[in-house]
Structures are given as C-alpha cells and as structure tokens.
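Single-letter residue listing:
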Amino acid sequence: MSNESIPLRRDVPQKDTWDLSKLFKDDDAWKAGLETYEKEAEKIPSFKGTLGKSAKNLAAWMNYLRGLEILEERLGYYSELRQAEDEGDSAARTMTGRFMMAASKANAAASWAAPEIMAIPEADIKKFIKSSLLGEYRVYLNKLLRYRQYTLSDREERIIAMHAEGEGACGDAFSVLTNVDLDFGTLNTPEGKRPLSQSTWSVFMENPDRDFRKKVYKKFYGNFENHKNTLAALYSGQVKQDVIKARIRGFASARAAALYGDNVSESVYDNLIGTVGDNLAPLHRYYHLRKEALKLNELRHYDVYVPLVSDVKKTTSWNEAVEIVGKALAPLGDEYVNTLKAGLLGRWADRYENKGKSSGAFSAGSYSGDPHILMNYKDDSIRDVFTMAHEGGHSMHSWYSAANNPFMHYNYTIFEAEVASTFNEELLFRYFMKESKSPQLKLYMVNKRVDEILGTLYRQTMFAEFEKRTHELEGQGSPLTVDVLRGEYRGLLEKYFGSEMVLEKESDLEGLRIPHFYRAFYVYKYSTGISASLALAERVMSGGAEERDDYFTFLKSGGSRFPVDSLKAAGVDMSSPAPVEAACRVFGRLVDQLEKMLMG
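Attention here is on the structure that accompanies the text. All values derive from a computational prediction rather than experimental measurement.

**Concerning the layout of surface pockets**
Within this model, the second largest pocket holds a volume of roughly 330 Å³. What lines the second largest pocket is a set of 14 residues, and nearest its centre among them are Glu426, Arg430, Glu538, Val586 and Arg589. The set of elements that each furnish at least two residues to the lining of the second largest pocket consists of α18 (414-435), α21 (524-542) and α24 (578-599). Counting residues per element, the lining of the second largest pocket draws most heavily on α24, which supplies seven residues. In the lining of the second largest pocket, the residues fall into eight nonpolar, one polar and five charged.

Following this line, the structure appears as structure tokens:
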C-alpha cells in the first residue's frame, strides 16, 4: 500500500472501525467520566483506619474500590484505544495524559489500603473473608495477603507509590533513543531511497539480496556501536532498579520478586532454560538446513531472517479470513466460533491501516466493553490471517474470563495470555495443512511455523537466560559494563546458533536493542506459553469432549487460579519439563518435514 493510498482516520468507513461505545459514548462522555473518577477518588481517605474493624467495613471499602477500578479501567482503555487510532491526535494524547495523572494520584492516595488490610490480625481477617459480604473478593484478598511479608509501612508504601511514575525512566529513555533520536540514515533500494529504521530493519533483513542485507546489517548496528555506552548504562540502570526494588521488599532476588505475583516457582524458569538447552540439536539442524537451502558457504547473522520459501501470493478479504478462521477453530464448538465471528464481522476490530494508527496488532479485553482488536490487515498477506486468529484467541480468552468471574479477579496473567492466542495459530496451521491443495502453500506454512516456534520458544528462552544472568551479576555486585553485557550475550549467541553460525563483531550488540528487557523476567512467558499451547492443541485435537471442556475451564478461569494451576486444570503441567520437551520435539519434526520438502 502506497503512502498516498493510506487514508486519514476521518476517512475510514465506520464499519471498518471498532465500536468503543460500551466504554463511553464519545469523548465528551469520557471527560465526564474522568471528572466523576476524580471526585470519587477524593473519598479514599475517608476509609482509612476502618478496614480492620469489621467484615462490613472491609466490604464497604472493597465495594467502593471495585466501582472506582471499573471506572478507571474504562477510562484507561478508552483513552489508550483512541490514541491508538491516530498517534498524532493531540486530543487523544491529552486524554491519555490526563487519565494517567488522575490514576497515579488516586493510586498514591490509596497506597495505605494494602498495608492496612495486611495489618489486620490473622484470626480476624480469616473470619472476615468467610463472610458472605466479601464473597466475590475472597480470591483478591487471599492473593493480596500473600504479600504480607513483603509489604512495608504505610509511609514507605506511599513513598514507593509516589516514585511509580519514574520507574519507567530507563525504558522511556531507551525507547526515545532507539526510535526517535538515532538516525539510521537511508538506503538505495530498487524502489528508490528508503529510510532505515527500527521498523524497516526487519523488512530489509528479509531481502533476498545478500549483499544488501549485509550492508543494512552493518549500517544498522553501526549506530548501536556509536551509542553502546549509553545503551549499556540504560540497561544497567534498569537492572539496578529491579534488584533494588526486590531488596526493599525483602525478596531474595529480582527474579523471585517478578515471579512471586503469579506464584510461579523459579524452578519453572530454570526448567525452561535447562530443557531448551538440552534440546538445541533440532535448532542447530535447522540452521544447517538454512545454510544448505540458501546455498551459502557460511551462515551469517544477517542470513537468519530471509525466508527460505517465497511468500505465497494469495488474496484473502477480511470476511473470507473470518470464515477461514471460523472453520479452523470449529473443534472449539459453536459458541466460541459464532461469538468470535460475530465480533470480527461486527465492530470488535479496527481493521485496516490509516495514517497515524499504531502499527502491528493487539487485543485489549476489558470487563465493561467488548474485547477490542487493533489490526492493520492486508488482503495479500497470509500472515495477517494468522494474526486475526492470534488476536481472536486473546479476545475470546478475555470474553470468557469476564463472563465467568467477578471484576476483582477476572483478569488472567501474562503467563497465561499467550496460550489462547498461539493455540488458535496452531489450529489454523493444521487447517491449512489439511485443506490446502497447493504444495507451495504447504511448504510456506511449514517454513513459517518453524520460524514462529523458533522465535517464540528458542529465541525468547535465550533472552530469558540473558536476563537471569545480568540480574545475577548485578545482585552479586558485578558492574554491568558494556563489555560484560556484550560478552554475556555473545556467549548465548554461540550457544543457541551453534557451529553453523559465523557471528559478526557487532552481533552481540543485539542484546542492547531488545525493548522487552526493560520489563524484567517477562519474555520467558512467551516460551512457556507456546509450550503449553502446543500441548493443549494436541490434547484437544486428539481427544474428545472432556479434553475440550478442560480447555474451556482454562479460558473461563480468569484470575481465579494461579496460572500454573489454571493450566494444570486444562491438562498441562508447566511445573514439569514435559511440555517444553514436547514443544522441542514438535519443532524437530517440523524441521524434518521442511528438510524433506525443500531438499527432496
């Protein structure tokens, strides 16, 4: 799509946009809602000192908090989604800013509440929780009380809350530096001069011209080389902050603090790294296959993203894609399929690109509104059909969670979030492989699936191992200098790519350009998520009604269970290495299949 053909937001047909009216009718209604929120938040201090007196008093606070937080969620989602429609819309950005200031003020004002609840004598709080007045808050309160040993005094908690806005400073500075301030220059391409940027980099790395890829690679990482000390200082600052925050609360480590909220044992993290590390042979075999398929004497770091199979030209309209996704997900039953199709054909989704719209895709599921999906759908991209299935998985997970749980514990964790989405992708892959008559399309699908599992299982585990190591070094008092960071990352590149890869001197700079590292111990969840979804997809597709019902138990759990327990109810035990081992075997079989299809 040429830039000239990209419409302005105001010119997009309403039927192709999402409907936010279940959140707020319009911007004026949102502004009125924000005023109501600010006035309601003024009542917060009136509850202070009362929560431990009786179950009735605690219920009064919880009922008040529930109402305030439902309104807060509506306000936040509406303003963020409005901004996503057009990042250049100053009115929408102003709304987001106003909301964030109001929410930060309210959260700081309520910072006394958690310590006060935790200070209630154990015998009293147990009695309170049994009261019918607190029935819908039991899960919330029991999860909160787990933090009793890590909660500080009222004054200390207020200080921490007041510092919350500044916690993202390193990540914000990294984002501004890499996305705004760094000038990567331009490149001569067959289409004329094109800018090199964070977004065009990935496109250029898929170019079949190897000399061009090398030129792009050197030019791109040359900019990171010029700013390596600043980038290292930013990441080091983030790790220091993670470690200090954990120490302040009394956790043994930053990783222990990050995993505590989900009640995930550190052994799950270590099992992932250990199991993937023991199963690198299929990955190394794939890199050997890639070298052979590309007819290279040696595989370089700029050769790992170029497709082995040319993109299959196939036009699929939005409505056709919805039908395909519906057929692929038919094993999940009529309610699931009909609800998702009605949403996609209705106005759950903001379908196509417009000038200023956020790139990529996401699903934003809230308690009050529909699960909204942002896409930039292109009819000529098969990948976008998979993106529709992926985001639809998130949305249906949100739909079932909201429909089956009280607000205070309806939301599922990030640990679970990538399961339902990648589950749908697996079912769509199986559908295409079964129904397609085109050998070229099947070859494309297998290559695509190999690269997706590689990127989600192996690559994210490598990132997780890097995060573990950097935080351990900081915790031990070892300075995270640029040389230390590059050395640690190069060691992992050598481990995961194996002997087939000839690394560039700049290759280890990759570790300084990963934005996910500014949200500590997050990326491992992609790896556990794909492992769980592959196991569950196999279980559902080879099983019967019981296995499908177990999967819906997971979708409906919301936040009523801890994530490992929720997945165990669905039939997969993430406390065991078995699902990760099985995912590695799936990857190995796909590599075998790809090799036969490519090499004959």
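**Focus on helix α10 (residues 210-226)**
Here α10 contains 17 residues, and its C-alpha end-to-end distance of 24 Å stays within 8% of the 24 Å for a straight helix at 1.5 Å per residue. Along α10, the residues that are buried comprise Phe212, Arg213, Val216, Tyr217, Phe220, Tyr221, Asn223 and Phe224. Each buried residue of α10 lies within a common arc of 140 degrees when the element is viewed along its axis, so the set occupies one face. For α10, exposure combined with an orientation more than 90 degrees from the buried face picks out Asp211 and Asn226. Where α10 is buried, its residues contact α8 (169-181), β1 (186-189), α9 (198-204) and α11 (228-249). Of the residues flanking the start of α10, the one acting as N-cap is Asp209, its side-chain oxygen 3.1 Å from the backbone nitrogen of Asp211.

**Considerations on unusual backbone geometry**
A positive phi angle, close to 55 degrees, is found at Asn263, a residue other than glycine. For Asn263, the location among the structural elements is in the loop between α12 (254-260) and α13 (266-278). Given the relative accessible area of 37%, Asn263 is considered partly exposed. Backbone geometry at Phe521 places phi at a positive 55 degrees, although glycine is not the residue there.

**Focus on the pairing of β1**
Residues Leu187 and Thr189 line the buried face of β1, whereas the alternating positions Thr186 and Asn188 sit on a face that is not buried. Pairing between β1 and strand β2 (residues 192-195): four bridges, direction antiparallel. The residue bridging Thr186 from the neighbouring strand is Pro195, located in β2. Between the antiparallel neighbours β1 and β2 lie two residues.

Calculation notes
- Residues numbered from 1 in each chain as written.
- Predicted model: local features only at pLDDT ≥ 70, side-chain atom pairs only at ≥ 80, totals over all residues.
- Heavy atoms only, no water.
- 1 Å grid on protein atoms, 1.4 Å probe; cavity = no way out; pocket = protein on both sides within 12 Å on 5 of 7 lines; lining within 4 Å.
- Points joined across faces, edges and corners; volume = space filled by probe spheres on them.
- Helix = DSSP H or I, 4+ residues; strand = E, 2+ residues; numbered from the N terminus.
- Nonpolar A, V, L, I, M, F, W, Y, C, P; charged D, E, K, R; others polar.
- Expected span 1.5 Å × (residues − 1).
- Buried < 20%, exposed > 50% of the residue type's maximum accessible area, 1.4 Å probe, protein only.
- Arc of directions from axis to C-beta.
- Contact = heavy atoms within 4.5 Å.
- Polar contact = N/O pair within 3.5 Å; in protein donor to acceptor, adjacent residues only side chain to side chain.
- Pairing = 2+ DSSP bridges.

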